[in-house]
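Given next are the chains, with one letter for each unit.
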Amino acid sequence: DELHWYARKRAVVSVLSDLHQRAIRSDRESGEDVLLEAITKLQRLDTRVIDPTVCLSDLMLAEVADLERDMAAAERGEWTGGMPTGIRKLDENTGGMPLGSVTLFLGETGSGKSTLAMQLCRAAWAEAGDIPLLFSYEDGKRSFARRALGQESGIPTFKIGARKLTTNELRQVIVQGMRNAGQRRERIAKFRGETVDNLCQTVRRLRSVGPPPGAKSIGRLVVIDYFQVIPKPRERWINSTPEALAEISQRIEDLAATEDIAVALFAQVKDEVKERGGVITDVRDCADGRAAGKGCKLGIGIYRPAMYDQNADPKAGKLLIVKNNQGQSNVAVDVYLDLATHTIRDVNP
């Protein structure tokens, strides 16, 4: 549509420019002659506008066709709906992360945001056949490799990183890691310092190439970790952090909508959350502005009781559904959350 608009604009400028030059050079043509010729040439230009509307009945018929296809896929045991999180109770309450929009995940430092981000990627491939794209603005590529080995082997990541393993632990890391490496198809990008425009261009470029053999899709799930450290856009009119984050949020929402993908956007919370014991009650708990909370369709808070209560189970966690445009909000899902091995799953799988 934009190319069509610019083409019409260039054609109008070209016609008027030619007539302007002729009028300056010629003493024989009157102003009326030039005006009449301008009107004639402008009327011949293609001024058709693409109709942006669609008939509701066509939409209904297309939805019925999609419904029949998805129900048949569900009977075959295939995943349908939004992108799965791999947390059964969470997916039952939300239908998965909705396509075409942003899901906002909120948590404090040390709450398990990166662990959950990797779980989302793992589920996207295992359950939906999608090769997800994870853009990390904080961690390096080796840290993701170690976390994945910890997830697959059950050996704490800090031991793998420090090379402090017993012979049996080393064997377990190697055997389980090699056995399950083929199931970890997520694409990792260390994106620290890269703009949101670079991120969007990368997603569109990879999706335009299409999925590799054996995959149903690529980039139907995009994970961004995390929101507040994405560099400020270069536009001069952006003067403050809230303005920058609002613009970043809008561009991420546009990416999700135009590509019809699920974007999992991870973010830090306000200091007030710590003051009230770490419980996230609203998407407005997102630090440095409310833009991300306004634009998301689904908002999930991560809560670890052990961060505030020394007597609490260190491997207990909750995922708090604080916003849900597709269902009920204010629902808490209990999860097993082991940060040592970067494992998060249903309490009763």
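Please refer to the structure placed before this passage.
Because the structure is a prediction, the values reported are computed rather than measured.

Cut-offs and rules
Residues numbered from 1 in each chain as written. Predicted model: local features only at pLDDT ≥ 70, side-chain atom pairs only at ≥ 80, totals over all residues. Heavy atoms only, no water. Buried < 20%, exposed > 50% of the residue type's maximum accessible area, 1.4 Å probe, protein only. Helix = DSSP H or I, 4+ residues; strand = E, 2+ residues; numbered from the N terminus. Pairing = 2+ DSSP bridges. Axes fitted to C-alpha atoms, helices over the stretch in contact; angles between N-to-C directions. Contact = heavy atoms within 4.5 Å. Expected span 1.5 Å × (residues − 1). Arc of directions from axis to C-beta. Phe/Tyr/Trp six-rings, centres within 6.5 Å; stacked < 30°, edge-to-face > 60°. Lys NZ or Arg CZ within 6 Å of the ring centre and 35° of its normal.

## Structural notes on the pairing of strand 2 (residues 130-136)
Phase 1 of the analysis: For strand 2, the tally of buried residues reaches seven of seven residues, placing the bulk of the element in the interior.
Phase 2 of the analysis: Alternating positions in strand 2 separate into two faces, D130, P132, L134 and S136 on one and I131, L133 and F135 on the other, with burial throughout.
Phase 3 of the analysis: Bridge count between strand 2 and strand 3 (residues 187-190): four bridges; the pairing is parallel. When the bridges of strand 3 are listed, L134 appears paired with I188.

## Digging into the sheet that holds strand 3
Phase 1 of the analysis: The mixed open sheet is built from nine strands, whose spatial order is 3-2-4-5-1-6-7-8-9. Since the sheet does not close on itself, it has two edges, and those belong to strand 3 and strand 9 (343-346), each with one partner. Strand-to-strand twist of the sheet, defined as the mean angle between neighbouring strand axes without regard to direction, takes the value 25 degrees.
Phase 2 of the analysis: In terms of strand pairing, strand 1 (residues 101-106) meets strand 5 (residues 262-267) through six bridges, oriented parallel. Opposite S101, over in strand 5, you have A262 as the bridge partner.
Phase 3 of the analysis: Those strands touched by helix 5 (residues 113-128) are strand 1, strand 2, strand 4 (217-225), strand 5, strand 6 (298-303), strand 7 (316-324), strand 8 (331-338) and strand 9, and its axis lies near 160 degrees from that of strand 2.

## A closer look at the pairing of strand 6
Phase 1 of the analysis: Counted residue by residue, strand 6 has six buried out of six residues, so it is predominantly covered.
Phase 2 of the analysis: Because side chains alternate across strand 6, one face comprises the buried residues L298, I300 and I302, and the other comprises G299, G301 and Y303, equally buried.
Phase 3 of the analysis: Bridge count between strand 1 and strand 6: four bridges; the pairing is parallel. When the sheet's bridge partners are listed, L104 is paired in strand 6 with G299.
Phase 4 of the analysis: As paired elements, strand 6 and strand 7 share six bridges and run antiparallel to each other. Within strand 7, the residue paired with L298 across the bridge is N324.

## A closer look at helix 9 (residues 196-209)
Phase 1 of the analysis: End to end, helix 9 covers 20 Å across 14 residues, agreeing with the expected 20 Å (1.5 Å per residue, within 8%).
Phase 2 of the analysis: The set of residues buried in helix 9 consists of V196, L199, C200, T202 and V203. The arc that holds the buried residues of helix 9, viewed along the axis, is 160 degrees, so those residues lie on one side. Exposed and facing more than 90 degrees away from the buried side of helix 9 are S208 and V209.
Phase 3 of the analysis: Contacts from the buried residues of helix 9 go to strand 2, strand 4 and helix 10 (241-259).

## Considering helix 6 (residues 141-153)
Phase 1 of the analysis: Spanning 13 residues, helix 6 covers 19 Å between terminal C-alpha atoms, matching the ideal 18 Å at 1.5 Å per step.
Phase 2 of the analysis: Within helix 6 the residues assigned to the buried category are F144, R147, A148, G150, Q151, E152 and S153.
Phase 3 of the analysis: On its buried face, helix 6 is in contact with helix 5, strand 2, helix 7 (157-162), helix 8 (167-180), strand 3 and strand 9.
Phase 4 of the analysis: Immediately downstream of helix 6, the backbone of G154 shows phi near 80 degrees, a positive value.

## Some details on the packing of aromatic side chains
Phase 1 of the analysis: One pass over the full model with this rule turns up three aromatic pairs.
Phase 2 of the analysis: Pairing F105 with F266 gives two aromatic rings, centres 4.8 Å apart and planes at 15 degrees, and the pair type is stacked. One end of the pair, F105, is in strand 1; the other, F266, is in strand 5, and 161 residues separate them in sequence.
Phase 3 of the analysis: Judged by its relative accessible area of 1%, F105 falls in the buried class.
Phase 4 of the analysis: Geometrically, the ring pair formed by F135 and F191 is edge-to-face, given 4.9 Å between the ring centres and 75 degrees between the ring planes. With F135 in strand 2 and F191 in the loop between strand 3 and helix 9, this residue pair connects regions lying 56 residues apart in the sequence.
Phase 5 of the analysis: Relative accessible area serves as the criterion here: at 2%, F135 is assigned to the buried category.
Phase 6 of the analysis: With relative accessibility at 9%, the residue F191 sits in the buried group.
Phase 7 of the analysis: Counting every residue linked through ring pairs, the aromatic cluster contains F135, Y137 and F191.
Phase 8 of the analysis: Looking at K113, its charged tip hangs above the ring of Y226, at a distance of 5.9 Å from the centre.
Phase 9 of the analysis: Directly above the ring of Y336 sits R345, whose terminal nitrogen or CZ lies 4.1 Å from the centroid.

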